[in-house]
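Commentary on secondary and tertiary structure
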2 protein chains.
Amino acid sequence: MLDDVSARTAVVAAADRLFYARGVQSVGMDAVRAEAGVSLKRIYSLFPSKDDLVVAVLRHRTEQWDAGIARAAAGAATPRGRLLAVFDFLDAWFREDGFRGCAFINSFGELGATSPAVAAAVREHKESFQRYARGVVREAGLPDDVALQVVLLAEGAQTTAAITQDVDVARQARRAAEAILDAAVPATA
Amino acid sequence: MLDDVSARTAVVAAADRLFYARGVQSVGMDAVRAEAGVSLKRIYSLFPSKDDLVVAVLRHRTEQWDAGIARAAAGAATPRGRLLAVFDFLDAWFREDGFRGCAFINSFGELGATSPAVAAAVREHKESFQRYARGVVREAGLPDDVALQVVLLAEGAQTTAAITQDVDVARQARRAAEAILDAAVPATA
DNA sequence: TACACTAGAGAACGATGGTTCTCAGCGCAA
DNA sequence: TTGCGCTGAGAACCATCGTTCTCTAGTGTA
């Protein structure tokens, strides 16, 4: 028998896999039960409703995202390098089997209009990413606007890579980000 | 009584409004019937299945998108201006009531994994937009890569504007595009 | 008037979903 | 051993959905 923490973890991981691969509404709670190996009763004692489970999955994804970005940034010596590392992180992700775009964007499109909790979780995640970018941009001594511009490239890369399956997207996004950063540094070339 | 063409148009328009506002799976065919004022029997004689209706809605959106982009581009004298006009078009759109992101991205996230027809329609639309950008970029005498980079900004702007409701996104995307274009012109400042 | 045909309203159908309930089995305290 | 409480498996429940069917009313024609 699993303790609450392990059961919770198993359910979230299973739901994440299924929701990401097929979309939330295409996956029944029974499929989650089967994938997680945790009874429906238990799932509903851990999460009051499917909506709460979706939110838990998104929070879990936020943690993974943050960790991935941090790991990529750790290899860079400068703020500029840390910003561009985002695109190397994306590049590796886009090449993974089963990559299907940004789970937050997908969930927002599917449920944002009908579930305020999901919409809020998505917004929170995207705002947190923008805050992160802004922090690094400031370290680099560049204006805040640059952060949003780089973020736009990262977001666009995610949806475009998902839809077109073009494996080159992250590299192009990185080069565009370089151009934006170069243009933003006070003319000291 | 409506002839087939008018009925088709009414159904597509109604479905478009509902699907865009709430997501596809959250809208039943009965709601489409009520909104369009066309009987279920008629709808099913016009579209073999909901999936086909979704595809028809997407094709209709593609036409609207193309027309909007063309209209925006018509006011610009240079290829560079036509490229940047995309962001003015987006800016006006983002400010509309009920703006909820790109219908193609939303549909792809929701149905891309389960409906090959929807996935194909979305891919087609995005590829067509990339082709358009590539054409204008070539007119400007710039390398193809620039087109994809500008497209990434436009895509990122759409999802970010939808999620954060930040009204300034299109302007920032435009400025980033300017930086990319400037960086791409052979150094003749 | 009688008839054939069509279209719309909405009931019906079969499937599926989220959520709850039942029940049989197990561990454990006394 | 007896009985209590908890658990998992899955049936049950109720709503909803996509799709089809029925029935009624109206139209045009002879």
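Residues numbered from 1 in each chain as written. Chains lettered and ligands numbered in written order. Predicted model: local features only at pLDDT ≥ 70, side-chain atom pairs only at ≥ 80, totals over all residues. Heavy atoms only, no water.

On to the environment of A:V86, then. All names here are of chain A. Looking at the secondary structure, you find V86 in helix α5 (residues 79-94). As for V86 and S107, which are separated by 21 residues in sequence, their C-alpha atoms are 22 Å apart. Not counting chain neighbours up to four residues away, the residues in contact with V86 comprise I69, F129 and A154. (Helix = DSSP H or I, 4+ residues; strand = E, 2+ residues; numbered from the N terminus. Contact = heavy atoms within 4.5 Å.)

Okay, the interface of chain B and chain A next. Across the boundary between the two partners, chain B contributes 40 residues, which contact 40 residues of chain A. Summed over both partners, the interface of chain B with chain A buries about 3,500 Å², with 63% contributed by carbon and sulfur atoms. Of all residues in chain B, B:L152, B:I163 and B:Q172 give up the largest surface area on contact with chain A, accounting jointly for 18% of the area buried on that side. If you look at where chain B meets chain A, you find two salt bridges. (Buried area = accessible area lost by both parts, 1.4 Å probe. Salt bridge = Lys/Arg side-chain N within 4 Å of Asp/Glu carboxyl O.)

It takes a turn of 180° to lay chain B on chain A, together with a shift of 0.0 Å along the axis; the resulting RMSD is 0.0 Å. Here the symmetry operator amounts to a two-fold rotation axis. Looking at the rotation axis and the C-alpha trace of chain B, the residue lying nearest is B:G156, at 1.8 Å. Taken as a fraction of all interface residues of chain B, those also at the interface in chain A reach 100%, which identifies the copy contact as same-surface. (Least-squares fit on C-alpha atoms with pLDDT ≥ 70 in both.)

Let us look at the packing of aromatic side chains. Under the criterion given, the structure shown has twelve aromatic pairs over all chains. Judged by centre distance (5.2 Å) and plane angle (90°), the rings of B:W65 and B:F129 are edge-to-face. Taken together, the residues B:W65 in helix α4 (residues 50-74) and B:F129 in helix α7 (residues 116-139) connect sequence positions 64 residues apart. Classification of B:F129 as buried rests on a relative accessible area of 6%. When the ring of B:W93 is compared with that of B:F94, the centres are 6.1 Å apart and the planes differ by 40°; the resulting orientation is tilted. The pair B:W93 / B:F94 is uniform in exposure class, with both members buried. Here the aromatic residues A:W65, A:F89, A:W93, A:F94, A:F99 and A:F129 are joined through ring pairs into a cluster of three or more. Taking NZ or CZ as reference, A:R61 lies 4.3 Å from the ring centre of A:Y20, over its face. (Phe/Tyr/Trp six-rings, centres within 6.5 Å; stacked < 30°, edge-to-face > 60°. Buried < 20%, exposed > 50% of the residue type's maximum accessible area, 1.4 Å probe, protein only. Lys NZ or Arg CZ within 6 Å of the ring centre and 35° of its normal.)

Attention now moves to the packing of α4(B) against helix α5 (residues 79-94) of chain B. The description of two helices packed together rests on the angle between their axes and the distance between the axes. All names here are of chain B. Interaxial distance between α4 and α5 falls to 8 Å at its minimum, and their mutual angle equals 120°. Compared by their axis directions, α4 and α5 come out oblique. As for how α4 packs across α5, the hand of that crossing is right-handed. Residues R61, W65, G68, I69, A72 and A73 of α4 form the contact with α5, whose participating residues are R82, A85, V86, F89, L90 and W93. Of the residues in the contact of α4 with α5, the class split is nine nonpolar, one polar and two charged. (Axes fitted to C-alpha atoms, helices over the stretch in contact; angles between N-to-C directions. Parallel < 35°, antiparallel > 145°, perpendicular 65-115°, else oblique. Left-handed = near helix turned anticlockwise from the far one by under 90°. Nonpolar A, V, L, I, M, F, W, Y, C, P; charged D, E, K, R; others polar.)

Residue and element names in this part refer to chain A. As assigned here, chain A comprises domain 1 (1-47) and domain 2 (49-184). The C-alpha centroid of domain 2 is placed 26 Å from the C-alpha centroid of domain 1. Summed over both sides, the interface between domain 1 and domain 2 buries roughly 1,500 Å², with carbon and sulfur atoms accounting for 63% of that surface. Across the domain 1-domain 2 interface, the total number found is one salt bridge. Across the pair R61 and D16 runs a salt bridge whose closest N-O atoms are separated by 2.9 Å. Seen at the junction of domain 1 and domain 2, the total is nine residue pairs in polar contact (both at pLDDT 80 or more). If you list the elements that add at least two residues to the side of domain 1 that touches domain 2, you get α1 (4-22) and α2 (29-36). (Domains from an automatic or database assignment. Polar contact = N/O pair within 3.5 Å; in protein donor to acceptor, adjacent residues only side chain to side chain.)

This next bit is on the packing of helix α1 (residues 4-22) of chain B against helix α2 (residues 29-36) of chain B. Residues and elements named next belong to chain B. Relative to each other, α1 and α2 sit at 120°, their axes nearing to 9 Å. In terms of axis orientation, α1 runs oblique to α2. Here the hand of the crossing between α1 and α2 comes out right-handed. In this structure, α1 uses A10, V11, A14, A15, R17, L18 and F19 to contact α2, whose residues at the interface are A31, V32, E35 and A36.

Positionally, A:R17 belongs in helix α1. Expressed as a C-alpha distance, the spacing of A:R17 and A:V32, which sit 15 residues apart in the sequence, is 9.3 Å.

This part takes up the side chain of B:H125. As for its position among the elements, B:H125 is in helix α7. Not counting residues up to four positions away in its chain, the partners in contact with B:H125 are B:T62, B:W65 and B:F104.

This part covers the pattern of salt bridges. Evaluation of the coordinates by the stated rule reveals 25 salt bridges over all chains. Residue A:R174 pairs with A:E178 through a salt bridge whose shortest N-O separation is 3.1 Å. Here A:E178 and A:R174 lie together in helix α9 (residues 169-184), a separation of four residues that amounts to about one turn. Two residues, B:D91 and B:R95, come together in a salt bridge whose shortest N-O distance is 2.7 Å. A single network of salt bridges, built from pairs that share partners, joins A:D88, A:R174 and A:E178.

Glancing now at the side chain of B:E110. Turning to its location among the elements, B:E110 is positioned in helix α6 (residues 103-111). The side chain of B:E110 sits in the buried core without any salt bridge; B:R100 is the nearest counter-charge, 6.3 Å away. Ignoring any residue separated from it by four or fewer positions in sequence, one finds B:E110 in contact with A:R22, A:Q25, A:G109, A:E110, B:G23, B:V24, B:Q25 and B:S26. (Lys, Arg positive; Asp, Glu negative; His and termini not counted.)

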